[in-house]
Protein chains: 2
Amino acid sequence: MTVATTTARERMLRAKDASRQIARLDDARKSEILHAIAHAIEAAAADVVAANADDLERGRTSGLSTSLLDRLTLDGDRVAALAAAVRDVAALPDPVGRVLEERTLDNGLQLTKVAVPFGVVGSIYEARPNVTVDIAALALRSGNAVVLRGGTAAERTNAALVRAMRDALSTQGIDPEAIQTLDEFGRDGARELMQARGLVDVLVPRGSAQLIETVVTESIVPVIETGAGVVHVYLDASAPVDRAREIVVNAKAQRPSVCNAAETVLVHSAAAERLVAPVVAALQDAGVTVHGDETVAALASGVVPADEDDWAAEYLSLDIAMRVVDDLDEAMAHIRRYSTHHTESIITDDPASLERFLAEVDSAVVMANASTRFTDGGEFGFGAEVGISTQKLHARGPMGLRELTSTKWVVRGAGQVRR
Amino acid sequence: MTVATTTARERMLRAKDASRQIARLDDARKSEILHAIAHAIEAAAADVVAANADDLERGRTSGLSTSLLDRLTLDGDRVAALAAAVRDVAALPDPVGRVLEERTLDNGLQLTKVAVPFGVVGSIYEARPNVTVDIAALALRSGNAVVLRGGTAAERTNAALVRAMRDALSTQGIDPEAIQTLDEFGRDGARELMQARGLVDVLVPRGSAQLIETVVTESIVPVIETGAGVVHVYLDASAPVDRAREIVVNAKAQRPSVCNAAETVLVHSAAAERLVAPVVAALQDAGVTVHGDETVAALASGVVPADEDDWAAEYLSLDIAMRVVDDLDEAMAHIRRYSTHHTESIITDDPASLERFLAEVDSAVVMANASTRFTDGGEFGFGAEVGISTQKLHARGPMGLRELTSTKWVVRGAGQVRR
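Since the model is a prediction, treat every value here as computed from it, not as a measurement.

What counts as what
- Residues numbered from 1 in each chain as written.
- Chains lettered and ligands numbered in written order.
- Predicted model: local features only at pLDDT ≥ 70, side-chain atom pairs only at ≥ 80, totals over all residues.
- Heavy atoms only, no water.
- pLDDT = per-residue confidence, 0-100.
- Axes fitted to C-alpha atoms, helices over the stretch in contact; angles between N-to-C directions.
- Helix = DSSP H or I, 4+ residues; strand = E, 2+ residues; numbered from the N terminus.
- Left-handed = near helix turned anticlockwise from the far one by under 90°.
- Contact = heavy atoms within 4.5 Å.
- Nonpolar A, V, L, I, M, F, W, Y, C, P; charged D, E, K, R; others polar.
- Phe/Tyr/Trp six-rings, centres within 6.5 Å; stacked < 30°, edge-to-face > 60°.
- Buried < 20%, exposed > 50% of the residue type's maximum accessible area, 1.4 Å probe, protein only.
- UniProt positions renumbered as here; feature names shortened; annotations may be inferred.
- Pairing = 2+ DSSP bridges.
- Buried area = accessible area lost by both parts, 1.4 Å probe.
- Salt bridge = Lys/Arg side-chain N within 4 Å of Asp/Glu carboxyl O.
- Least-squares fit on C-alpha atoms with pLDDT ≥ 70 in both.

Draft legend 1. Summary view of the confidence of the model for chain A. With 99% of its residues at a pLDDT of 70 or more, chain A has an overall mean of 95. Taken over the whole predicted complex, pTM reads 0.91, whereas the ipTM for its chain interfaces reads 0.92.

Draft legend 2. Here's a closer look at the packing of helix α10 (residues 241-253) of chain B against helix α11 (residues 269-285) of chain B. Residue and element names in this part refer to chain B. The N-to-C vectors of α10 and α11 enclose an angle of 40°; their axes lie 9 Å apart at closest approach. Along this stretch, α10 crosses α11, giving a crossing that reads as right-handed. Residues Val 241, Ala 244, Arg 245, Val 248, Val 249 and Lys 252 of α10 pack against Arg 274, Leu 275, Pro 278, Val 279, Ala 282 and Leu 283 of α11. Across the contact of α10 with α11, the residue classes tally to 9 nonpolar, no polar and 3 charged.

Draft legend 3. A look at the packing of aromatic side chains. In total, this model carries 8 aromatic pairs over all chains according to the counting rule given. Centre to centre, the rings of A:Trp409 and B:Phe380 are 5.2 Å apart; their planes meet at 75°, and the pair counts as edge-to-face. Within this pair, whereas A:Trp409 is found in strand β16 (residues 405-416), its partner B:Phe380 is found in the loop between β13 (365-370) and β14 (387-389), the two belonging to separate chains. Taken as a pair, A:Trp409 and B:Phe380 share a single burial class, namely buried. Each residue in the set A:Phe380, A:Phe382 and B:Trp409 is aromatic and connected to the rest through ring pairs, giving one cluster.

Draft legend 4. The arrangement of the UniProt feature "domain: Aldehyde dehydrogenase" (unreviewed entry) in chain A in detail. UniProt's entry tags residues 8-290 of chain A with the feature "domain: Aldehyde dehydrogenase" (unreviewed entry), counted in the numbering of this structure. In residues 8-290 of chain A, the share of helix is 53% and the share of strand is 17%. The end C-alpha atoms are 47 Å apart.

Draft legend 5. The sheet that holds strand β4 (residues 145-149) of chain A, seen in detail. Residue and element names in this part refer to chain A. Reading across the sheet, the 4 strands line up as β5-β4-β3-β6 and stay open at both edges, with parallel pairing between neighbours. Strand pairing shows two members of the sheet lacking a second neighbour, β5 (179-181) and β6 (202-206), which therefore form its edges. Along the sheet, successive strands turn relative to each other by an average axial angle of 20°, direction set aside. Sheet topology places strand β3 (residues 120-125) next to β4; 5 bridges connect them, and they run parallel. Counterpart to Gly 122 in the pairing with β4 is Val 147. Relative to the sheet, helix α6 (residues 129-141) contacts β3, β4, β5 and β6, its axis offset from that of β4 by approximately 160°.

Draft legend 6. Broad picture of the interface of chain A and chain B. Facing 72 residues of chain A, the contacting portion of chain B comprises 72 residues. With both sides pooled, the region where chain A packs onto chain B buries about 6,100 Å², and carbon together with sulfur makes up 50% of that total. The largest share of the area that chain A buries against chain B comes from A:Leu393, A:Trp409 and A:Arg418, three residues that together contribute 14% of it. Remark: the boundary between chain A and chain B carries 14 salt bridges. The partner of A:Glu360 in a salt bridge is B:Arg24, with the nearest N and O atoms 3.7 Å apart.

Draft legend 7. Examining the sheet that holds strand β5 (residues 179-181) of chain B more closely. Residues and elements named next belong to chain B. Across the sheet, 4 strands lie side by side as β5-β4-β3-β6; this open sheet has parallel pairing. In the strand order of this sheet, the two ends are held by β5 and β6 (202-206), each with one partner. For this sheet, the mean inter-axis angle between neighbouring strands, taken without regard to orientation, is 20°. As paired strands, strand β3 (residues 120-125) and β6 are joined by 5 bridges and run parallel to one another. From the neighbouring strand, Ser 123 faces β6, where its bridge partner is Val 204. Its contacts with the sheet place helix α1 (residues 8-23) against β3, β4 (145-149) and β5, and it is angled at close to 150° to β4.

Draft legend 8. Representation of the relation of the copies chain A and chain B. Turning chain A through 180° and shifting it by 0.0 Å along the axis lays it on chain B, with an RMSD of 0.0 Å. Considering both components of the superposition, the chain copies are consistent with a two-fold axis. Distance from the rotation axis, computed per C-alpha, reaches its smallest value in chain A at A:His394: 1.8 Å. A share of 100% of interface residues in chain A that are also interface residues in chain B marks the association as one of identical surfaces.

Draft legend 9. Quick look at the pattern of salt bridges. Scanning the model with the defined rule gives 58 salt bridges over all chains in all. Residue A:Asp55 pairs with A:Arg58 through a salt bridge whose shortest N-O separation is 2.5 Å. With A:Asp55 and A:Arg58 both in helix α3 (residues 45-61) and 3 residues apart, the pair spans about one turn of that helix. Its relative accessible area of 0% is what places A:Asp55 among the buried residues. Residue class for A:Arg58 comes out partly exposed when judged on its relative accessible area of 35%. A salt bridge links A:Asp201 to B:Lys392; its shortest N-O distance comes to 3.2 Å. Residue A:Asp201 is located in the loop between α8 (186-194) and β6, and its partner B:Lys392 is located in the loop between β14 and β15 (397-399); the two belong to separate chains. Given the relative accessible area of 14%, A:Asp201 is considered buried.

Below, the structure written as structure tokens:
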């Protein structure tokens, strides 16, 4: 841990000061600055990779898992991909200044509701150096300053990336204090960030369910909860076997480690004999272990018995839970009980079931006859993704740049007073 | 305090269950239910007034202030006004089901972003029985169940009102558990409500700055912060004296006890000699005490010396702070330091100052040449007001029924999977 020459609070104060300059930049200028950042990241590739080697060595010594070490690793190609991602963000439309509502009151007052930057966006995340660059780019593109608190495992890598980005701001005549890291302050940095109401306008945690839970519980800065996905696919009585098989396998196995991957399949009892065996077989062919209830186990071979924990599990692996339910109502009751309200999909040819499912299931994204893997900012056409909100306040579902803006009412008068 | 036969948590669970029925009601049905509630409140007027008399007696014994006792008091006319307010809410357009965005992806998936109810809306407020009825009506109109935690000073009045509203739900064939009160649980009720993440979707505190601060700090349920208004009017160098005088007096004195009333006047130094004396005189004629800095005190008579506390004061009374600033930049720096980011207004004939002020001042509502008293859901044409949000997440400024809804993405496919 480096000796910090400023306090965490001082850094956040500087970010808030700098945010005023960032908020006033126009579209072209913000794009230009992001291109400078992309260039600076490329130019700093050797430094970044060297810093990363230090982090990796520390990580190996402290016994980080292979998958964590993989997420942490940056080589020349991955650094180039970071820079490319910044250029992609630069190409997105500016979310600031959009007129969301306009009205002229009877007394002549002209009201305009416009999209404005939040001010300062904070993020607490784990040992993924790409988040450092992603969040900084998205925050700047939407006119915000940013305060980053990444995992200590990536501290040197993040420091090298932040240095490159801040240098790019300086060369562009922008206050480099608009990008801050609190990594050096360890847990205290995270704690101070969560207490910085008034300095930081919104906090986006990214990482494990436990990290998000901690932030949601401890932060007095408003939080956008992202992530955890206990995602369901429900095979209705009329679900065609081919479509059911293809969607379930895609939803689980195309990329099992992400939050929009399916974790539980529910099957209508009237379709169980028809669907369970072929769907289980297809999953097994794709390398998936099926954890099933007794009915599923009786209808297919190689099924591991499921218990209560399986219904609540976010496996993020080649495992899936499967249960036969009496009907649509029982399926929706199961979803109510176990879902994290991220994404649920019904496979059906029955319009009545379809409409009930879409209307009554209370999740950020409800689907009919589609793979849950489509819940994604890129797939939705947002061009970038800040995360997937599973809360109902402000943003729900995939969040793009627009979700990093707030609004402001602008009122133009000619001397009106209230009677 | 009555002995509660159910726990606070059990009541919130029931509200969540009932919320599913409320969420599915159509526009006409919700309106009909609100009319039944209005009728039930009128029918229960004698009970409500009797319960209120008990509360008032307790309040007098425990030494409540005259103004609190006044806010607490319900007579026949005030009960009738409560019922009328419910009918007004019934007449508002249904905010649920609005299509906010539609797109068809290249792969044929049809995406629709629709407005949906939050589910369960919670409110913590003080001894104003009208809030009990207002919030319940607004929550139901927007398809939500509601959990109320009012001040213990109004406990019996609130209980009588809640009883009347729940009876109306029952007679309409609606689960009465959609309206819950936690008043009997005292402070524990508020505490459990603030911890009910997963049961309650959003919490709206209404009341004193201290109450709001407590809720913001302690709640793990997402909060919409409402209220406190250290509101500024800035008189620019070019401000015409008549307009300045009329707006300042209106902004302060038309109704000094509300959050959109002005608390500080800033005057450009170049206009001080021209403006300070007439504006101070007009304020004094309206019964206002002016707390001024040395320059103000030198330019007008009867000015009370202002200190640091005055700049931060939300007087909510016939008092106002006044300071002469060097220029627009110093005015905006003062606002940054002391404003609660509710409403600020510039009085000017200079387009450059006007545009800078509107663009750079970071408040929920920024005005030019208008009284700050216009920051109000009714004045903005929302027909009802849930409160005035001073945070940047989800809602900012006056909140109407729309701000009591969340969104949901509905995705319709024909078997699409992700490649």
